[in-house]
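Given next are the chains, with one letter for each unit.
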Amino acid sequence: MQQQISLHGLQSVRGIEVVDVYAAQIVHEAHGWQKFLLAVSNALVGNSLLNPAIRVDGFIEVKTGVRTLAAVAGSAKVILNGRLMSAWRALPLQPGSRIRVEAKDEPAFLAFSGLQAGQSNVHAGSGFRVSSAADFDGSIFARYVPQSLIQACLRGEEKLEDSIQRVVRHIRYACEMAKCGARLVKVKVGDRVYEMWVKELD
């Protein structure tokens, strides 16, 4: 489980502050479906799969002091600088950004690149160390999890560990394709939509 998808040019700094929060805590481990959420949120931002993340049972709003990455895994409303965003993908945050996560029917997991924290409840005014990025490259937007992989895990089509590894492989492959100039295209076959990376030949 100690896998990591590396992000280059990251430096650990004290970079995020909790502005508002209700029912959230730093966790280092989880079980069942929540284990999938913890691992995937970390994979999306390039952490090891068991890196600390914030489990949100209620809501949390965080302000960033550095350029970093965040990701939310689970059923949640995600608002970045006043704009509604999607969960299950990496979100590039500039200094001064505010991200708010509101859990819906179940806990959601919020990860930040290089988050360093001991297990504890989260309070307004809390500050944490994260990794600061010098810049973001095009592979940031390849860091997402397709609904097909999420649904396969929910349906129990494979073991939980296998589902996690499938997501890790997908993120790594998508990032590699994006870095080499490939484009993501969607193709509908019958009632299903398939995603694929396409690179033009020189």
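Quick caveat, the model's predicted, so the values are computed rather than measured.

Focus on the pairing of strand β4 (residues 76-80)
Regular strands show a simple pattern: their side chains alternate between the two faces of the sheet. Counting buried positions over the five residues of β4 gives four, a clear majority of the element. Inspection of the sheet shows β4 paired to strand β7 (residues 98-103) by five bridges, in the antiparallel sense. Looking at β7, one finds that lysine 77 is bridged to glutamate 102. Pairing geometry for β4 and strand β5 (residues 83-85), over three bridges, is antiparallel. Residue pairing in the sheet places isoleucine 79 in a bridge with leucine 84 of β5. Linkage of β4 to β5, two consecutive antiparallel strands, is achieved through a turn of two residues, within which asparagine 81 is found at a positive phi near 50°.

Things to note about the environment of tryptophan 33
Residue placement: tryptophan 33 occurs in helix α1 (residues 33-44). Under the relative-accessibility criterion, tryptophan 33 is labelled partly exposed at 22%. Separated by 41 residues in the primary sequence, tryptophan 33 and glycine 74 have C-alpha atoms spaced 9.5 Å apart. Setting aside residues up to four positions removed in sequence, tryptophan 33 forms contacts with Trp88, Glu106, Ile150, Cys153 and Leu154.

Observations regarding unusual backbone geometry
Unusually for a residue other than glycine, alanine 23 sits at a positive phi of about 60°. Taking the relative accessible area as the measure of exposure, alanine 23 reaches 37% and is therefore partly exposed. Backbone geometry places asparagine 81, a non-glycine residue, at a positive phi of 50°. Tracing the backbone through its elements, the reader meets asparagine 81 in the loop between β4 and β5.

Focus on helix α2 (residues 147-154)
Each α-helix turn comprises 3.6 residues. Residues three or four places apart therefore point the same way. Taken as a whole, α2 has its buried residues at Leu149, Ile150, Ala152 and Cys153. Down the axis of α2, the sector holding all buried residues measures 160°, keeping them to one side. Summarising the contacts, the buried residues of α2 are in contact with α1 and α3 (160-179). Backbone geometry just after α2 places glycine 156 at a positive phi near 70°.

A few points about the side chain of threonine 68
Within the secondary structure layout, threonine 68 lies in strand β3 (residues 68-73). Overall, threonine 68 belongs to the buried group, its relative accessible area being 1%. Beyond its immediate sequence surroundings of up to four residues, threonine 68 is in contact with Leu91, Pro92, Leu93, Phe112, Ser113, Val130, Ser131 and Phe136.

Side note on the packing of α1 against α3
Here α1 crosses α3 at 15°, and the two axes come no closer than 10 Å. By the criterion of interaxial angle, the relationship of α1 to α3 is roughly parallel. Judged by the twist between their axes, the crossing of α1 over α3 is right-handed. Listed contacts from α3 to Lys35, Phe36, Ala39, Val40, Ala43 and Leu44 of α1 are Leu160, Glu161, Ser163, Ile164, Val167, Val168 and Ile171.

Structural notes on α1
The terminal C-alpha atoms of α1, which comprises 12 residues, lie 17 Å apart, in line with the 16 Å expected from a rise of 1.5 Å per residue. When you tally the buried positions in α1, you get nine out of 12 residues, the bulk of the element. Every buried residue of α1 is accounted for by Phe36, Leu37, Leu38, Ala39, Val40, Ser41, Asn42, Ala43 and Leu44. Two residues or fewer past α1, glycine 46 is found with a positive phi of approximately 85°.

Quick look at the side chain of threonine 64
Along the chain, threonine 64 falls in strand β2 (residues 53-64). A polar side-chain atom of threonine 64 sits 2.8 Å from the main-chain carbonyl oxygen of glutamine 94. What threonine 64 contacts, discounting residues up to four positions off in sequence, is Gly15, Ile16, Leu93, Gln94, Pro95, Gly96 and Ser97.

Calculation rules
Counting of residues starts from 1 at the beginning of each chain's written sequence and follows it residue by residue. Side-chain atom pairs in this predicted model are given and counted only at pLDDT of 80 or more, local residue features only at pLDDT of at least 70, and totals for whole chains, interfaces and linings cover all residues. To obtain the side-chain values, all non-hydrogen atoms of the structure were included, while hydrogens and water were left out. Whether a residue is buried, partly exposed or exposed follows from its accessible area with a 1.4 Å probe, protein chains only, as a fraction of its type maximum: under 20%, in between, or over 50%, in that order. A run of H or I in DSSP becomes a helix once it reaches four residues, and a run of E becomes a strand once it reaches two; helices and strands are each numbered from the N terminus. DSSP calls a pair of strands paired once it identifies at least 2 bridges connecting them. Any two residues having at least one pair of non-hydrogen atoms within 4.5 Å are treated as being in contact. Directions drawn from the helix axis to the C-beta atoms are what define this arc. Only C-alpha atoms enter the line fits that serve as axes; for helices the fit covers just the stretch in contact. Angles between N-to-C directions range over 0 to 180 degrees. Should an angle fall under 35 degrees it is called roughly parallel, over 145 degrees roughly antiparallel, and 65 to 115 degrees roughly perpendicular, with every other angle called oblique. Each crossing is labelled by how the near helix is turned from the far one, with a counterclockwise turn of less than a right angle marking it left-handed and a clockwise turn marking it right-handed. By definition here, a helix of n residues has an expected span of 1.5 Å times n minus one. Each polar contact in these results corresponds to two N or O atoms within 3.5 Å; when the atoms are within protein, one needs to be able to donate a hydrogen and the other to accept it, and residues that are neighboring in sequence are counted only if both atoms are side-chain atoms.

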